[in-house]
Amino acid sequence: MAVPFPDDFLWGAATSAYQIEGAPLADGAGPSIWHRFAHTPGRVAGNETGDLACDHYHRALDDVALMAELGLDVYRFSLAWGRVLPEGRGAVNRRGLDFYARLVDALLEHDIQPMATLYHWDLPVALHERGGWLNPDSPHWFADYAETLFRALGDRVPFWITINEPWVVTVPGYLDGQLAPGHRDLFEPPRVAHHLLLAHAEAVAVYRTLGRQQIGLAVNLEPQHPASPSPADLEASRRRDAFINRWFLDALMFGRYPEELADIFGPAWPEFPAKSLEQIRCRGDFVGVNYYSRGLVRAAPDVAPLGAVRLTPSDAELTTMGWEVYPKGLTETLLWLRDRYANPPLYITENGAAFDDPPPRNGRVEDPRRVAYLRAHIRAAAKALEQGVDLRGYCVWSLFDNFEWAEGYSKCFGLYQVDPSDQTRRPKASARFYREVMASRGAAA
Ligand SMILES: CO[C@H](O)c1c[n+]2c([nH]1)[C@H](O)[C@@H](O)[C@H](O)[C@H]2CO
């Protein structure tokens, strides 16, 4: 492929704490809402938990050596809030903080840039019991936690992500109850979302006094296409676009929420004070883009609160998550960000696919569909770069097969297969492909 990727483009892979670390309560760590959720019968497929996951907590240094052998420029990981602050606030757990310091130092020793996500969904139970993200104090709790990490690691971590996918924290967490803490309520999500945005802004403000590197928010984005040209489907796809794509970014970039949200939530949508809206206006240094697929939308007046449903195209290739393989949507998303928000610096902080991979044969795991998915999406990113998008990096989700939230370990996104019997990491064909892509600075895609 013609190589539009600049030499300083950062190629990476991403994970998150609860999904790979295991040992959730080791060395003084406090439990998270995901530890509690996974241990609640019926919440996770097969009642699986993150108690072991990929045992990364005990294998981190070997895993960094594996990342170096793969050839990563950057590694995106998350910090478990409860490891560092077992009660979510107050006393620091030195052993928890030291784990992350060792991880960061090992990455730097291998010339891999750390990209640290402060919050990837694992709120300390102690804070949840004080109302969690519903508590108006939650932004201050988060900013204090962020400051602890900025002071401890700020000089060594060049990229910070405050919150991973505030939309997923809000909607599956508080509206439809699929993810922790499993609430199902129409009035909670707007307040949770607002507190998450305030938390992001407060953490960025603290960082501006302490840090000299880059900080941003990672958002899940999904272009919405009407299933038919009917006015009802067009209106439904516009509403779903506001609900998924513009809710948080418009707040961040413009200091206002899309007007569709008041229609969607109706009486559950509060009047936010102007001062508070001004406070959430916070561009940060970059936007982290998590892209997987598009939404094909049909109007469904009886499906509250959106009045829309996402269809699965009958003629499309699907991943095992049921998501359509749609690489064009990545180019569309990147161009949309360029045009709507004045070309902000972007990192693709997640892109990948779950497929049922075969067992290893002669130590090799063949995953041709994931190779094809990654190649197509890297090429789609290149198309956006060629049209002036300020794209600066790409992270595959994920480095390892890991704990896929409510799906447990049944959905595999990894470049490496992890043998549950002995935690052996086995590179898949996609790892070999991605190594070539990185070594050729994108040309091998
Ligand atoms: C609609 O997909 C979301 O953007 C999304 C997909 N994913 C995510 N967000 C999360 O950030 C990861 O923790 C998941 O493991 C990963 C795969 O499901």
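Residues numbered from 1 in each chain as written. Predicted model: local features only at pLDDT ≥ 70, side-chain atom pairs only at ≥ 80, totals over all residues. Heavy atoms only, no water.

Attention now moves to the site of the ligand. The environment of the ligand is formed by 13 residues, the closest being Gln19, Glu165, Glu350, Glu404 and Trp405. Interatomic distance of 2.7 Å between a side-chain N/O atom of Gln19 and an oxygen atom of the ligand. At 2.9 Å from an oxygen atom of the ligand is found a side-chain nitrogen or oxygen belonging to His120. Considered on its own, the ligand offers 420 Å² of accessible surface; in the complex 89% of this is hidden by protein. Mapping the ligand onto the cavity grids shows that it belongs to the largest pocket. (Near = heavy atom within 4 Å. Polar contact = N/O pair within 3.5 Å; in protein donor to acceptor, adjacent residues only side chain to side chain. Areas by Shrake-Rupley, 256 points an atom, 1.4 Å probe, with all protein chains shown as cover. 1 Å grid on protein atoms, 1.4 Å probe; cavity = no way out; pocket = protein on both sides within 12 Å on 5 of 7 lines; lining within 4 Å. Sits in = over half its atoms within 2 Å of the grid points.)

Moving on to the side chain of Ser138. Looking at the secondary structure, you find Ser138 in helix H7 (residues 138-153). Residue classification places Ser138 among the buried residues on the basis of a relative accessible area of 1%. (Helix = DSSP H or I, 4+ residues; strand = E, 2+ residues; numbered from the N terminus. Buried < 20%, exposed > 50% of the residue type's maximum accessible area, 1.4 Å probe, protein only.)

Counted residue by residue, strand S11 (residues 391-397) has six buried out of seven residues, so it is predominantly covered. Examined bridge by bridge, strand S1 (residues 10-14) and S11 share five bridges and lie parallel to one another. Counterpart to Ala13 in the pairing with S11 is Val396. Summarising the sheet, strand S10 (residues 346-351) and S11 pair through four bridges and their orientation is parallel. Counted as the bridge partner of Leu346 is Leu391 from S11. (Pairing = 2+ DSSP bridges.)

Here we take up the confidence of the model for the protein chain. Mean pLDDT for the protein chain: 97, with 99% of residues reaching 70 or above. We note a pTM of 0.98 for the whole complex and an ipTM of 0.99 for its interfaces. (pLDDT = per-residue confidence, 0-100.)

On to the sheet that holds S10, then. Reading around the barrel, the eight strands line up as S1-S2-S3-S4-S5-S7-S10-S11 and close back on themselves, with parallel pairing between neighbours. Sheet twist, expressed as the mean angle between neighbouring strand axes with direction ignored, is 25°. Set on the sheet, helix H5 (residues 94-109) makes contact with strand S2 (74-78) and strand S3 (113-119); between it and S2 the angle comes to about 170°. Running at roughly 160° to strand S7 (residues 286-291), helix H13 (residues 328-340) makes contact with strand S5 (214-221), S7, S10 and S11 of the sheet. (Axes fitted to C-alpha atoms, helices over the stretch in contact; angles between N-to-C directions. Contact = heavy atoms within 4.5 Å.)

This brings us to the sheet that holds strand S6 (residues 224-226). Pairing is mixed in the open sheet, where three strands are placed in the order S6-S8-S9. In this open sheet, the two edge strands, each paired with only one partner strand, are S6 and strand S9 (308-311). Averaged over all pairs of adjacent strands, the angle between their axes in this sheet comes to 45°, without regard to strand direction. Bridging between strand S8 (residues 295-299) and S9 involves four bridges; their strand directions are antiparallel. What sits directly across from Arg298, in S9, is Val309. Each of S6, S8 and S9 is contacted by helix H10 (residues 231-254), which is oriented at about 130° to S8, the strand it contacts most.

As a further point, take the pattern of salt bridges. Evaluated as defined, the whole model comprises 33 salt bridges. Notably, a salt bridge pairs Arg36 with Glu129, separated by 2.6 Å at the nearest N-O pair. Remark: Glu129 occurs in the loop between helix H6 (125-128) and H7 and Arg36 occurs in helix H2 (residues 33-38); sequence separation between them is 93 residues. For Arg76, the salt bridge identified is with Glu350, shortest N-O distance 3.0 Å. Separated by 274 residues along the polypeptide, Arg76 in strand S2 and Glu350 in strand S10 bring together distant segments of the chain. Both residues of the pair, Arg76 and Glu350, count as buried. Where salt bridges share partners, they join Glu235, Arg238, Arg239, Asp241, Arg246 and Glu260 into one cluster. (Salt bridge = Lys/Arg side-chain N within 4 Å of Asp/Glu carboxyl O.)

Attention now moves to the pairing of S2. Across the five residues that make up S2, a large majority, five, are buried. Neither face of S2 is exposed, since Val74, Arg76 and Ser78 on one face and Tyr75 and Phe77 on the opposite face are all buried. Inspection of the sheet shows S1 paired to S2 by three bridges, in the parallel sense. The residue of S2 that forms the bridge with Gly12 is Val74. Of the strand pairs in this sheet, S2 and S3 are connected by five bridges, and their pairing is parallel. Following the sheet pairing, Val74 is matched in S3 by Gln113.

The tally for this structure, following the rule as stated, stands at four cavities of 30 Å³ or more. Mapped onto the lining of the largest cavity, the elements with two or more residues apiece are helix H1 (17-20) and helix H4 (81-84). Looking at side-chain class alone, the lining of the largest cavity contains six nonpolar, six polar and three charged residues. The computed volume of the second largest cavity comes to approximately 60 Å³. As for the second largest cavity, its lining consists of Ile33, Trp34, Tyr119, Trp121, Trp133, Val168, Val169, Tyr174, Leu179, Ala180 and Pro181. For the lining of the second largest cavity, the elements supplying multiple residues, two or more each, are H2 and helix H8 (166-175). (Points joined across faces, edges and corners; volume = space filled by probe spheres on them. Nonpolar A, V, L, I, M, F, W, Y, C, P; charged D, E, K, R; others polar.)

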